[in-house]
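# A structural walkthrough
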Amino acid sequence: MTETPTHDAARYDFHAIEERWLPVWEERQPFRSGRPDDDRPTKYVLDMFPYPSGDLHMGHAEAYALGDVIARHWVQKGFNVLHPIGWDSFGLPAENAAIKRGVDPAGWTEDNIAQQVSSMKRYACSFDWDRVLMTHRPDYYRWNQWIFTRMFERGLAYRKHSNVNWCPKDQTVLANEQVVGGLCERCDTPVTKKKLNQWYFKVTEYADELLDGLETLRGSWPDKVIAMQRNWIGRSSGADVAFEIEGRDEPITIYTTRPDTLHGATFMVVAADSDLAAELAEGADEATQAEFATYVEKVKGENEIDRLATDREKTGVFLQRYGINPVNGERLPIWASDYVLADYGHGAIMAVPAHDQRDLDFARAMDLPVRVVLDCTDENGQAYGDPAETGIAAAGDGTLVNSGSLNGMAKAEAIAAITEELSAAGTGDAATNYRLRDWLISRQRYWGTPIPIVHCEACGEVPVPDDQLPVQLPAAEGLDLKPKGQSPLAAATDWVNTTCPSCGGAALRDTDTMDTFVDSSWYFLRYLDPAKADGPFDVLDAKRWAPVDQYVGGVTHAILHLLYSRFFTKALRDMGMLDFDEPFSALLNQGMVQMDGSAMSKSRGNLVRLSEQLDEFGVDAVRLTMAFAGPPEDDIDWADVSPAGSAKFLARAWRLARDVESEPGVDPATGDQALRAVTHRTLHDSQELVEGFKFNVVVARTMELVNATRKVIDSGAGASDPAVREAAEVVSILLSLFAPYAAEDMWAMLGHEDVALATYPAVEESLLVEETVTCIVQVKGKVRGRLEVPPGISEDELRELALASDGAKRAIGDAGIRTVIVRAPKLVNIVTA
RNA sequence: GCCCCGGUAGCCCAACUGGCAGAGGCACGCGGCUCAAACCCGCGGUGUUGUGGGUUCGAAUCCCACCCGGGGUACCA
């Protein structure tokens, strides 16, 4: 034993207990995961890794408290648990801090990490400290570059011109998730669009699998996250239809989910900011061209706030061009408008105002004709009025009219029929579309992974050969990191100017860095061997540990991070490096910690400082409060919970161990049977409660056990009863999931060491069997009496007992008995006539 | 607007998935300990289970409609 705690301490002193055990754990490292010769079954429990954002806050405290419960539980259950931690250490926080203070982001980052490590250790996180990784280190981001190169070779990484989110103030591209309500998350400037040549990962290649794979996660992932991913991918099915264009050689293909309404098309619309619109406008008269140019200017200048406004007036320009409806030969005027998106489908639509609300709004604004082709009713069976009059598009189901060969068909039937007709005629085909776009990974920033591409005039885009990786970031010193529309790396001329790996001629490095979501897309694989020098991870390690059995983190990452990790997993699988399809077998989203009903923030003045809570109530009480507050996925309002109450309970539990008078190893069989029954019932139930994430209930049940034990010590058999020792040991083991310091101290007072590694005690089934059960006797559903019966009583016996009972007889009176429902042994319901 | 999730005691929350509405905690009150208090110990729990209907012998639980709260999403043809 490293150190013997002072067992004669009369009072629970959490400060002293923390100081006593922290150095002991530091030396013993109880959570080093097993090395290759460890043959216990494995569990991989993973907390989403943090940004190195200074000290821990209440949100971290909740997340790590909950992840710890799970990891510690599996250790006690005899599993070889991998529970690692690392830092998502590239990205905005460090870069902003570096700009603000004029320091090197690397130094700032590593200082913060050091501070967080010591905070996490104090917080008693059960991490394996041998496996720490930091994504800003070259030995990590080297493998981002390596994977990027593999993606590039397979056509999964490519460069294209596209309209991207642009913050005019910060002069930088923004990821979708950095645009909050149309504003830049950093400076609240309205975001605009800008056309840039950027790198993308082809996530859409896996759209179907990413969608269908969600079904395999049902039950193990929160329904909410599955729904969000489903919506984000947004698969829709319909048809592509080719419309001949007057004065143009090529037809225009449109995508529609409602080919059944083809006869109701009265005009066409192309996205105002698309190349197609510009080309069509060129063929028009000068006045139209001018009008179009003005309109496009206006659209491009619009920010996201304007675009997101509800009840927005429809606007557009008639291009003086016409398309031909392939089913009836009608001439359809072609308009350009911003309500059609350039990067969805083909950037062009057929407009059916009678049956599409957006088209109807446009038709009414521009005074275009409306033709009903589906005689239909809404969900409540109400007939629609004339859409042109009511302004409400008839979006329901019904019978086709005014539609030639489709007349009389129902919607679904008509969709199938027309798709076949178009296909036979060569003017269309069934088609699928997705809301999901490819992932823009270029960032005009310094603090990220350099994109390992060299641009050569002769050879084009040439990946840096594997043996020249990593492409290291140039030193920050001397570079201006302020956003200015171009990556700061462009100014590092010595770095930018290089030779082409292919032809040896002069060439330039790509100056953008990768989105930090690249780092987090595969980090769970790097933990398997964070120092591995000849590959990102070992295939055999992956077979042994991965996928992650239990992932724990905030719902903030419900879409992007989880989607990207899923994409990486599938891509790496197709490269032959993984043999599974999904990275995270189970997911637990913890809620947020709030104060007085809203998110904590300095400006709101409701910030609760973790360090102050820890000083006042202790690590254990804070952790316990997090677990006890309610279901993990619910938000916690710190004003509603009581760390003081938790501390009080811990003191009460701790005193049990202090009071125990029997020796270690004493046989509990001779002890108080009623207490033993509570102990083993608690032990039995706690396992499934923990595994079902009902941590708050486990704590409540542990409180019951503490209360029952206290009672036996004070007014029953007394502190020397062996059952009291057994109960105190079980309390210590269960409590170690939530309050490791108190539990360790108790465990030591009880004569043991390393409660974290204590084996979960076997449940004695015989103690779970109750001698009698209370049976409820109801008459017409109302409780009229109770019977104490043996649990194995037969239905017939119980029926007789119930009918003979006083309460039942009284309630029945002279009424006849219609039927008797017996649910032995707990309930009898007598139904009278 | 659409899609999720939730609504149980003053508050945070349980309730084996259809079977006595109450496990645990907070707060509050009373009693014990104390010269007194804190700590500690003990005792104290009926409320339209958000509302209205339905299914059932029986509904917090299942179904329908609505109300309230939270979250996601937003012209995706």
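Everything discussed here concerns the structure shown above.
Overview of the structure. (Residues numbered from 1 in each chain as written. Chains lettered and ligands numbered in written order. Predicted model: local features only at pLDDT ≥ 70, side-chain atom pairs only at ≥ 80, totals over all residues. Heavy atoms only, no water.)

This paragraph deals with the overall build of chain A. From N to C terminus, chain A includes 28 helices and 34 strands. On the principal axes, the C-alpha backbone points of chain A span a range of 100 × 90 × 50 Å. Looking at the 833 residues of chain A, the share that counts as buried comes to 54%. Taking contacts inside chain A between residues at least 6 apart in sequence as the whole, the part at least 24 apart equals 72%. Roughly 35700 Å² of accessible area belongs to chain A as shown, and the carbon and sulfur atoms make up 48% of that amount. Across chain A, the mean location of the 82 positive side-chain charges is 3 Å away from that of the 128 negative side-chain charges. (Helix = DSSP H or I, 4+ residues; strand = E, 2+ residues; numbered from the N terminus. Buried < 20%, exposed > 50% of the residue type's maximum accessible area, 1.4 Å probe, protein only. Contact = heavy atoms within 4.5 Å. Areas by Shrake-Rupley, 256 points an atom, 1.4 Å probe, with all protein chains shown as cover. Lys, Arg positive; Asp, Glu negative; His and termini not counted. Charge placed at Lys NZ, Arg CZ, Asp CG, Glu CD.)

Turning to the environment of valine 608, a few remarks are in order. Looking at the secondary structure, you find valine 608 in the loop between strand E29 (598-599) and helix H20 (610-617). On the accessibility criterion, valine 608 (11% relative accessible area) is buried. Residues valine 608 and threonine 257 lie 351 residues apart in sequence; the distance between their C-alpha atoms is 51 Å. Beyond its immediate sequence surroundings of up to four residues, valine 608 is in contact with Met58, Met595, Met600, Gln613 and Trp638.

Time to look at the pattern of salt bridges. On inspection of all chains with the given rule, the structure shows 49 salt bridges. A salt bridge links lysine 121 to glutamate 26; the nearest nitrogen and oxygen atoms lie 3.1 Å apart. Taken together, the residues lysine 121 in helix H4 (residues 105-122) and glutamate 26 in helix H1 (residues 14-28) connect sequence positions 95 residues apart. Of the residues examined, lysine 121 reaches a relative accessible area of 23% and is grouped as partly exposed. Residues lysine 532 and aspartate 538 are paired through a salt bridge, measuring 3.6 Å at the closest nitrogen-oxygen approach. For lysine 532, a relative accessible area of 14% gives the class buried. (Salt bridge = Lys/Arg side-chain N within 4 Å of Asp/Glu carboxyl O.)

Together, Lys100, Arg101, Lys602 and Arg609 line one region of the surface with positive charge. Tracing the backbone shows arginine 101 in helix H3 (residues 92-101). Accessibility expressed as a relative area gives 52% for arginine 101, which makes it exposed. (Patch = residues over 30% accessible without salt bridge, like charges linked within 9 Å, V, L, I, M, F, W, Y side chains within 5 Å.)

What follows covers the side chain of glutamate 95. Assignment of secondary structure puts glutamate 95 in helix H3. Buried charged residue glutamate 95 carries no salt bridge. Nearest counter-charge: arginine 445, at 5.0 Å. Sequence-distant contacts of glutamate 95, defined by excluding residues within four places in its chain, comprise Arg445, Tyr446, Trp447 and Leu481.

Moving on to the nonpolar core. Counting 97 residues, the largest nonpolar core has Tyr123, Met626, Trp638, Leu650, Phe695, Leu735 and Phe738 as its most contacted members. Per element, the largest residue contribution to this core is 10 residues, and it comes from helix H2 (residues 58-76). Among residues more than four places away in sequence, those in contact with phenylalanine 695 are Leu66, Val69, Ile70, Leu588, Ala627, Pro632, Leu689, Val690 and Phe738. (Core = buried A, V, L, I, M, F, W, Y, C linked by side-chain atoms within 4.5 Å.)

So, on to unusual backbone geometry. Trans peptide bonds make up most of the peptide bonds, and negative phi angles are found at most residues other than glycine. Each neighbour pair has its own omega, and for leucine 469 with proline 470 the value is 0 degrees, a cis peptide bond. Note on placement: proline 470 falls in the loop between strand E22 (460-463) and helix H15 (493-496). Along the chain, alanine 546 connects to proline 547 via a cis peptide bond; the corresponding omega equals -5 degrees. Look at aspartate 367: it is not a glycine, yet its phi comes out positive at around 60 degrees. Along the chain, aspartate 367 turns up in the loop between helix H12 (357-366) and strand E16 (374-377). Looking at aspartate 367, the relative accessible area reads 70%, which means it is exposed.

Within the secondary structure, lysine 570 is located in helix H19 (residues 560-574). According to the relative accessible area criterion, lysine 570 is buried, its value standing at 1%. A distance of 3.3 Å separates the side chain of lysine 570 from the side chain of glutamate 209, its partner in a polar contact. In terms of polar contacts, lysine 570 uses its side chain to reach the backbone carbonyl oxygen of aspartate 581, at 3.0 Å. Residue contacts for lysine 570: discarding those within four places in its chain leaves Tyr206, Glu209, Leu210, Asp581 and Glu582. (Polar contact = N/O pair within 3.5 Å; in protein donor to acceptor, adjacent residues only side chain to side chain.)

So, about the protein's contact with RNA strand B. Taken together, 44 residues sit near RNA strand B, with Arg312, Arg358, Arg652, Arg786 and Asn829 positioned nearest. Sugar plus phosphate, as a fraction of atoms of RNA strand B within 4 Å of the protein: 60%. A distance of 2.3 Å is found between a sugar or linking oxygen of RNA strand B and a backbone nitrogen or oxygen belonging to threonine 257. Between asparagine 696 and RNA strand B, the recorded distance is 3.4 Å, taken from a side-chain N or O atom to a sugar or linking oxygen. Secondary structure elements with two or more residues in the surface near RNA strand B: helix H8 (223-233), strand E11 (252-256), helix H22 (643-659), helix H24 (695-715), strand E31 (773-779), strand E32 (782-789), strand E33 (817-823) and strand E34 (827-832). Sorting elements by how many residues they give to the surface near RNA strand B places H24 first, with 5 residues. Along the lines of polarity and charge, the residues of the surface near RNA strand B split into 17 nonpolar, 8 polar and 19 charged. (Near = heavy atom within 4 Å. Nonpolar A, V, L, I, M, F, W, Y, C, P; charged D, E, K, R; others polar.)

Here the structure, examined in full by the defined rule, presents 33 aromatic pairs. Arranged with centres 5.9 Å apart and planes meeting at 45 degrees, the rings of phenylalanine 148 and phenylalanine 201 form a pair that is tilted. Of this pair, phenylalanine 148 sits in helix H5 (residues 138-153) while phenylalanine 201 sits in strand E9 (residues 192-201); the two residues are 53 residues apart in sequence, bridging distant segments of the chain. According to the relative accessible area criterion, phenylalanine 148 is buried, its value standing at 1%. Pairing tyrosine 446 with tryptophan 447 gives two aromatic rings, centres 6.1 Å apart and planes at 20 degrees, and the pair type is stacked. A relative accessible area of 3% means that tyrosine 446 is categorised as buried. Ring pairs connect the aromatic residues Phe148, Phe152, Trp199, Phe201, Tyr206, Trp439, Phe517, Tyr564, Phe567 and Phe568, which therefore count as one cluster. Across the ring face of tryptophan 166, the terminal group of lysine 194 is positioned such that the distance to the ring centre comes to 4.1 Å. (Phe/Tyr/Trp six-rings, centres within 6.5 Å; stacked < 30°, edge-to-face > 60°. Lys NZ or Arg CZ within 6 Å of the ring centre and 35° of its normal.)

What follows covers the state of the cysteines. Within this structure, the stated rule accounts for 0 disulfides. Just so you know, cysteine 503 is unpaired, no disulfide at all, and the nearest cysteine sulfur is the one on cysteine 456, 3.6 Å from it. (Disulfide = S-S within 2.5 Å.)

The next subject is empty space enclosed by the protein. Within the structure shown, the criterion is met by 1 cavity of 30 Å³ or more. As a volume, the largest cavity reaches approximately 60 Å³. Leu92, Glu95, Asn96, Ile99, Thr172, Arg186, Gln444, Arg445, Leu481, Lys482, Pro483 and Pro488 together form the lining of the largest cavity. Ranked by residue count, the leading element in the lining of the largest cavity is H3, at 4 residues. (1 Å grid on protein atoms, 1.4 Å probe; cavity = no way out; pocket = protein on both sides within 12 Å on 5 of 7 lines; lining within 4 Å. Points joined across faces, edges and corners; volume = space filled by probe spheres on them.)

With that out of the way, let us pick up the sheet that holds strand E28 (residues 593-595). Ordered by their spatial adjacency, 3 strands build an open sheet running E29-E28-E30, and the pairing between neighbours is mixed. Of all strands in the sheet, those bounded by a partner on one side alone are E29 and strand E30 (636-637). With 2 bridges connecting them, E28 and E29 associate as antiparallel partners. For methionine 595, the partnering residue across the bridge sits in E29 and is serine 598. (Pairing = 2+ DSSP bridges.)

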